[in-house]
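Survey of secondary and tertiary structure
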Amino acid sequence: MDIVDVYVFVLAGFVGYQVISRVPALLHTPLMAATNAISGISLVGSLVAAGSGRNTVATVLGVIAVACAMANVVGGFLITDRMLRMFRRTGTTNK
Amino acid sequence: MDIVDVYVFVLAGFVGYQVISRVPALLHTPLMAATNAISGISLVGSLVAAGSGRNTVATVLGVIAVACAMANVVGGFLITDRMLRMFRRTGTTNK
Amino acid sequence: MSREILTQVTYLVASVLFILGLRSLTKPDQARRGMNLAALGMLLAIVGTLVKTEIVSYGWIAVGLAVGTVIGYPLGMWVPMTAMPQRIAFSHMFGALAATLVGVAEYHTDLTEGHPISGAKMAALAFEVLFGALTVTGSFVAFGKLAEFLPGRPVTYKGQNGVNLALAAVAVGLFVYLIIRPEFSAGFYLMVGLATLIGLFLVLPIGGADMPVVMSLMNSYAGLAAAATGFALGNEVLIIAGALDGASGFILSVVMSKAMNRSFSNVLFGAFGSVQPTTARTAEGMTVSEISPEDAALQLGYAKSVIVVPGYGMAVAQAQHQIRELAELIEKNGGEVRYAIHPVAGRMPGHMNVLLAEANVPYDRLYDMEEINDRFGEADIALIIGANDVVNPAARTDPGSPIYGMPILNADMARRVIVLKRGMSPGFAGIENELFYRPNTSMLFGDAKASLTRVIAEVKAA
Amino acid sequence: MSREILTQVTYLVASVLFILGLRSLTKPDQARRGMNLAALGMLLAIVGTLVKTEIVSYGWIAVGLAVGTVIGYPLGMWVPMTAMPQRIAFSHMFGALAATLVGVAEYHTDLTEGHPISGAKMAALAFEVLFGALTVTGSFVAFGKLAEFLPGRPVTYKGQNGVNLALAAVAVGLFVYLIIRPEFSAGFYLMVGLATLIGLFLVLPIGGADMPVVMSLMNSYAGLAAAATGFALGNEVLIIAGALDGASGFILSVVMSKAMNRSFSNVLFGAFGSVQPTTARTAEGMTVSEISPEDAALQLGYAKSVIVVPGYGMAVAQAQHQIRELAELIEKNGGEVRYAIHPVAGRMPGHMNVLLAEANVPYDRLYDMEEINDRFGEADIALIIGANDVVNPAARTDPGSPIYGMPILNADMARRVIVLKRGMSPGFAGIENELFYRPNTSMLFGDAKASLTRVIAEVKAA
Ligand SMILES: NC(=O)c1ccc[n+]([C@@H]2O[C@H](COP(=O)([O-])OP(=O)(O)OC[C@H]3O[C@@H](n4cnc5c(N)ncnc54)[C@H](OP(=O)(O)O)[C@@H]3O)[C@@H](O)[C@H]2O)c1
Ligand SMILES: NC(=O)c1ccc[n+]([C@@H]2O[C@H](COP(=O)([O-])OP(=O)(O)OC[C@H]3O[C@@H](n4cnc5c(N)ncnc54)[C@H](OP(=O)(O)O)[C@@H]3O)[C@@H](O)[C@H]2O)c1
């Protein structure tokens, strides 16, 4: 663990706070779905656990983790898009 | 040089962009003075150059750099405060 | 080495794209494109990981990815909008599970291969599995209560606080001890087990309707667990994504608790859901005036300006499509229809917006509370559809009411108020609503969808 | 080791306090406290550096700090508000000089002690000294032009672009070569020298009035140089502070160029300041109507609603105190006075605001262009004090004008317009202003301060 990672965390927290606090209530539900999808980034850890073949426990847990994270990625981005597609202004259509 | 520093730079750039773009025109002059003051942070480099006694060139350049940076720190924070003190709402006084 | 750089670049780009994606959600018309960018970032990060030299076999990875896709597709495409709250709680469980399992796998591998685990890394791992495991079971209970296969009412028993505190104390003790002695694996696994129990016991005593707050907190915890994974693995994209998710959950729970008039600490420390003894005024001796669908249709058909106030009952009744249909009829007759959305109307942040969007209501007709609250005075009719607490004037007038001080929609200031609900039962806060007894309020009893269908028929017939 | 951690913690805290400090500038009433926090952060970072084990002697450090304080104090406390533009340009020079010298010292030390310099570190160092040195001389010229000891007019000669391009090409060539062969010290120092020349040649051809844009760009460059120092030294607080300064300068120059109706690339590539051949309408055959201070006093004394439009001429005449005095008189007579501030009125972003604040005008009377532009129609009098381009209706109406499309204050929509200026000479853009010839416009010629003093005396006498 590196001290620089603390900087990264703090700065990302600032960015997150500023960005999210400006998301209008209109899109709060898609926001929750989007963060769900992004949480699938734990794939970067679970793929390594599942694929580095270091011991059976890691492989098994890793594969389950890959499946869970991938489900969030696929499901999360799809449903976010599905919701966002529904939001439209007067006079525009979605079809 | 570390790749993590690139993350730090990018994230700090985001934070800076978001913060600064919300500073009202009212305070743009104090903002310039404030960033001047903050630029004095190069002290963290110049103090080391001036004080680590490794060679004369570094010491001399370091001392000049310390003086320049310190002038910005002292002058910058003082003038920013002087300006900000002047901004007041109706019905409040500064004295 | 050049592979290493490739991986790093994909992670950096992914981090930036995630931020841009979330940023795009500040503008409805850029949101879709922004989220596509975020998805691209995810793809890049996955590819960047797959080329890593540590990965030696792809068989099991493929299985995991395939299973995940098969589970994720229906979660994305088939789940109806009305099931969104439970759907999201369910996903938090998956996210937290993935983070926890990665933490356990990393710990196990370090231990069996004899790598020394530094105090800092152990702290990150312990934090990760603690918050991860707690979120897994907590989200599962939330999911169960929202999907209504677990009892929605608070499950309480005597001495519950004592048990929770004891569990937490042991877990924290293990946490600290592990930092000193990382090789104490029994303690590690015991801590994981305790965390799952804490998650259960924390959420079971909370009422089903309070789940959205829990959900947001779980979102935040899952994010923090992911960030901790990043610290443990030295992976910045995990730290950044985790921090973003953590901030999002945190902000949403703050927004909700403010709009529900709860102190944030009240929410943070799990003390919600307890039924306060209300000293609120009751409705003894007051009468309500009912209205028939025919009369309601008559009034609505000729109204110049209508403000629709949707609430949780609209979601229950699935009445959003009928509302849009009625609005179109009113507009055809020359009236104007706007929608007033209270920040906590419904059972999830943004609940009403997404349902109305589903029914094809343009989002520029949806107004936030602050935008529209001054306009009720000019409206001919406030049409309240399954909303209750969010229009309760007691929040303004009755200091004894548990919702006193909560910002509400000024529906009572409209010239006439028509309320669609099934009976006189109270809303989420469990209190009487004096608005229903006012002289300019008419009640149209019945399921909102059924009532609206009849009103629509009458307007068409007129 | 524990000293090392202490240093790291102070740097982290300083970074957070810098961000919070700049954030506080989004709210005028929190700004002072926020900037005190930032100053505290700076103090912490200095202390955290002084305890570093690398530092073996404090004598010279003390000298440097003392000299800096002695220079800084008058720069902070004695410089009048009206000298702010040159004062800030001067400071940019100091900041860039410090960054450049640190870079040179680091390079020299690594070289004499035989440390290998990695390509990445060399790139950071080279970037640092390149941008640093360029900013030193560039800011110096800007300072000189603003303080008027260098000629304000564009200094041009034939083949100037060719020379600049050649210099830049050599510098970039050295940059690239140094990354491959960091030990080529002659090249390094040559590059520094070239950068100082480039700074000179870049800014000399730019007119004095364009200096604020240059100043902001220099702010941005100095920030980037500091960030590069951070990369070279592996110091995150430098990277963060540099990125913040870089973003600030960048945003200010974008804001300015937008409000001045220049394309941003036009600004970035230094092509500004050139006098365009204007095809704008001239004022042949039109007449202006003059007004005496007495008549102006009569109108202003009884006006119900006055909007003051200050411009560069107010700064030149130092008339802000007289404006406030007049405004108080009008208010005593029952009128309302507001101030309309154009984003580029004056010669620096926020120039008018800081001068009016100095004269004790409450900031809630100052309105941004977007806030007040619709209100001119309701105003009895628009009182224009030394402003010209920012109220030129040609920006709206005359496609041939060089300022066509620039957003302007709609002063011409007020019932009456009174303009205070010395004569009919044009403003910064060098073009006629048709507003001065309109029937409802009256000109009060003379230095703004002198004119206002007479008007005040008349209003008092009435
Ligand atoms: N949005 C969030 O994130 C969130 C989260 C947690 C808690 N909450 C809380 O939830 C409440 C939301 O307020 P709200 O006004 O939307 O809802 P509410 O106060 O809970 O009232 C909903 C009303 O809908 C009626 N209803 C139920 N089913 C119906 C149907 N099929 N047809 C017609 N009416 C029906 C109910 O009355 P009948 O039974 O008589 O029909 C009830 O009074 C607030 O108290 C808020 O604090 C919100
Ligand atoms: N704010 C920035 O950051 C910035 C930066 C760069 C450029 N600019 C440019 O500067 C201009 C600013 O517009 P502006 O309307 O403020 O100023 P302006 O267009 O430059 O006009 C200033 C006017 O003030 C008059 N004046 C000068 N001294 C005076 C005195 N002592 N008493 C009374 N009047 C006096 C001048 O006319 P007389 O000589 O006839 O008195 C002149 O017409 C814009 O074109 C803008 O693009 C601004």
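Going along each chain's sequence as written, the residues are numbered from 1 onward. In the order they appear in the text, chains get letters beginning with A and ligands get numbers beginning with 1. pLDDT decides what is reported in this predicted model: residues at 70 or higher carry local features, side-chain atom pairs at 80 or more are listed and counted, and totals for whole chains, interfaces and linings draw on all residues regardless. Side-chain calculation: all heavy atoms of the structure are included, whereas hydrogens and water are not.

**Re the interface of chain D and chain B**
- Listed by partner, the interface residues are 100 residues for chain D and 79 residues for chain B.
- A simple way to read buried area is as the amount of 1.4 Å-probe accessible surface that goes missing from two parts once joined, with both sides added. Together chain D and chain B conceal approximately 8,000 Å² of surface at their shared face, both sides included; 74% is due to carbon and sulfur atoms.
- Looking at the side of chain D facing chain B, the largest losses of area belong to Arg32, Phe231 and Tyr363 of chain D, adding up to 9% of the total buried there.
- By salt bridge we mean one thing: a side-chain nitrogen of Lys or Arg within 4 Å of a carboxyl oxygen of Asp or Glu. Scanning the region where chain D abuts chain B turns up two salt bridges. For this analysis, residues touch if any pair of their heavy atoms sits within 4.5 Å.

**Some words on unusual backbone geometry**
Residue and element names in this part refer to chain C.
- In the Ramachandran plot, Glu148 falls in the positive-phi region, its phi being about 65 degrees despite a non-glycine side chain.
- For Glu148, the location among the structural elements is in the loop between α5 (119–146) and α6 (160–180).
- For the exposure calls, accessible area comes from a 1.4 Å probe over protein chains only, and a residue counts as buried if that area is under 20% of its type's maximum, exposed if over 50%, partly exposed in between. For Glu148, a relative accessible area of 64% puts it in the exposed group. Numbering of helices and strands runs from the N terminus; a helix is a DSSP stretch of H or I covering at least four residues, while a strand is a stretch of E covering at least two.

**So, the relation of the copies chain B and chain A**
- Superposing the copies works by least squares over the C-alpha atoms of residues that have pLDDT at least 70 in both of them. In the superposition of chain B on chain A (RMSD 0.0 Å, axial shift 0.0 Å), the rotation amounts to 180 degrees. In symmetry terms, the pair is related by a two-fold rotation axis.
- An overlap of 100% is found between the interface residues of chain B and their copies at the interface of chain A, pointing to a shared contact surface.

**As for the site of ligand 1**
Residues and elements named next belong to chain C.
- Taken together, 31 residues are adjacent to ligand 1, and Asn388, Asp389, Arg422, Ser425 and Asp447 come closest.
- Between ligand 1 and Ala448, the relevant distance is 2.9 Å, taken from a nitrogen atom to a main-chain nitrogen or oxygen of the residue.
- To measure how exposed things are, a 1.4 Å probe is used in the Shrake-Rupley method; for residues, cover is taken only from the protein chains shown. Relative to its unbound accessible area of 910 Å², ligand 1 is 97% covered by the protein chains.
- With four residues, the single largest contributor to the shell around ligand 1 is helix α12 (residues 312–317).
- A class-by-class count of the residues in the shell around ligand 1 yields 17 nonpolar, nine polar and five charged.
- Boundaries between domains were set according to an automatic or database domain assignment. The residue makeup of the shell around ligand 1 includes at least three contributed by each of domain 2 (90–275) and domain 3 (293–461). What makes a residue near a molecule or strand is one non-hydrogen atom of that residue sitting within 4 Å of it. Side-chain atoms alone can form a polar contact between residues adjacent in sequence; in general such a contact is a pair of N or O atoms within 3.5 Å, and within protein one must be able to donate a hydrogen while the other accepts it. Following the grouping adopted for this structure description, the nonpolar residues are Ala, Val, Leu, Ile, Met, Phe, Trp, Tyr, Cys and Pro, the charged ones are Asp, Glu, Lys and Arg, and the polar ones are all others, Gly among them.

**Digging into the packing of aromatic side chains**
- Only Phe, Tyr and Trp rings are paired, with Trp represented by its six-membered ring, and only when their centres lie within 6.5 Å; those with planes under 30 degrees apart are stacked, over 60 edge-to-face, the remainder tilted. Counted by the stated rule, this structure contains 26 aromatic pairs over all chains.
- Their ring planes at 50 degrees and their centres at 4.8 Å tell us that Phe90 of chain C and Phe143 of chain C sit as a pair that is tilted. Taken together, the residues Phe90 of chain C in helix α4 (residues 84–112) and Phe143 of chain C in helix α5 connect sequence positions 53 residues apart. Accessibility assignment for this pair places Phe90 of chain C and Phe143 of chain C in one class, buried.
- A centroid spacing of 5.4 Å and a plane angle of 90 degrees characterise the contact between Tyr177 of chain D and Phe184 of chain D, whose relative ring orientation is edge-to-face.
- Judged by its relative accessible area of 39%, Tyr177 of chain D is partly exposed.
- Only when the NZ of Lys or the CZ of Arg is both within 6 Å of the ring centre and within 35 degrees of the ring normal is a charge said to sit over the ring. Here the basic side chain of Arg338 of chain D rests over the ring of Tyr367 of chain D, its NZ or CZ set 6.0 Å away from the ring centre.

**With respect to the sheet that holds strand β3 (residues 336–341) of chain C**
All names here are of chain C.
- When DSSP finds two or more bridges between two strands, those strands count as paired. As summarised here, the arrangement of the seven strands in space is β1-β7-β6-β5-β2-β3-β4, forming an open sheet in which the pairing is parallel. In the strand order of this sheet, the two ends are held by β1 (289–290) and β4 (366–368), each with one partner.
- Fitted lines through C-alpha atoms give the axes, limited to the stretch in contact for helices. The angle between two N-to-C directions lies from 0 to 180 degrees. With respect to the sheet, helix α11 (residues 293–301) is in contact with β2 (305–310), β5 (381–385), β6 (416–421) and β7 (441–445), its orientation differing from that of β6 by roughly 135 degrees.
- Of the strands in this sheet, β2, β3 and β5 touch helix α13 (residues 320–332), which is tilted by about 145 degrees from β3.

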